Amino acid sequence: MATILVIDDDPDVTQLIQFALTRAGHKTLTAEDGQAGLDITLAKRPDLVIADVMMPKLNGYEYCRRVRAQEELADIPILVF
């Protein structure tokens, strides 16, 4: 299955999404802000990213801009909520 990165500053939302994805057989990675999410994306190159819009340090829009600006990461699907 896929490796999915969940980026959200609300631990309850992160835990709920992580639980659902794990039950479906996916490996999950988590980050509590956009900058940490970007660091994990660069290091682990997940198959999919699920990111909140309103986050500290780096919001979801800026996270997306920075990922898309890097050729080696530009093809990673990002779901923003």
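Parameters at a glance
Residues numbered from 1 in each chain as written. Predicted model: local features only at pLDDT ≥ 70, side-chain atom pairs only at ≥ 80, totals over all residues. Heavy atoms only, no water. Core = buried A, V, L, I, M, F, W, Y, C linked by side-chain atoms within 4.5 Å. Buried < 20%, exposed > 50% of the residue type's maximum accessible area, 1.4 Å probe, protein only. Helix = DSSP H or I, 4+ residues; strand = E, 2+ residues; numbered from the N terminus. Contact = heavy atoms within 4.5 Å. Salt bridge = Lys/Arg side-chain N within 4 Å of Asp/Glu carboxyl O.

(A) Spatial organisation of the nonpolar core. Among the nonpolar cores identified, the biggest contains 15 residues, and Leu-5, Ile-7, Leu-38, Val-49, Tyr-63, Val-67 and Ile-78 are the most heavily contacted of them. Those elements that provide at least two residues to this core are strand S1 (3–7), strand S2 (27–31), strand S3 (48–51) and helix H3 (60–68). Ignoring sequence-local partners within four residues, the contact set of Leu-38 consists of Leu-58, Tyr-63, Arg-66 and Val-67. Within the second largest apolar cluster, five residues are counted, among which are Ile-4, Val-6, Leu-21 and Ile-50.

(B) Just the pattern of salt bridges, in detail. For the structure shown, the criterion picks out four salt bridges. In this structure, Glu-62 engages Arg-65 in a salt bridge whose closest nitrogen and oxygen atoms are separated by 3.2 Å. With a gap of three residues between them, Glu-62 and Arg-65 both fall in helix H3, about one helical turn apart. Its relative accessible area of 24% is what places Glu-62 among the partly exposed residues. You can call Arg-65 exposed: its relative accessible area is 52%. Here the salt bridges share partners, and the residues they tie into one network are Glu-62, Arg-65 and Arg-66.

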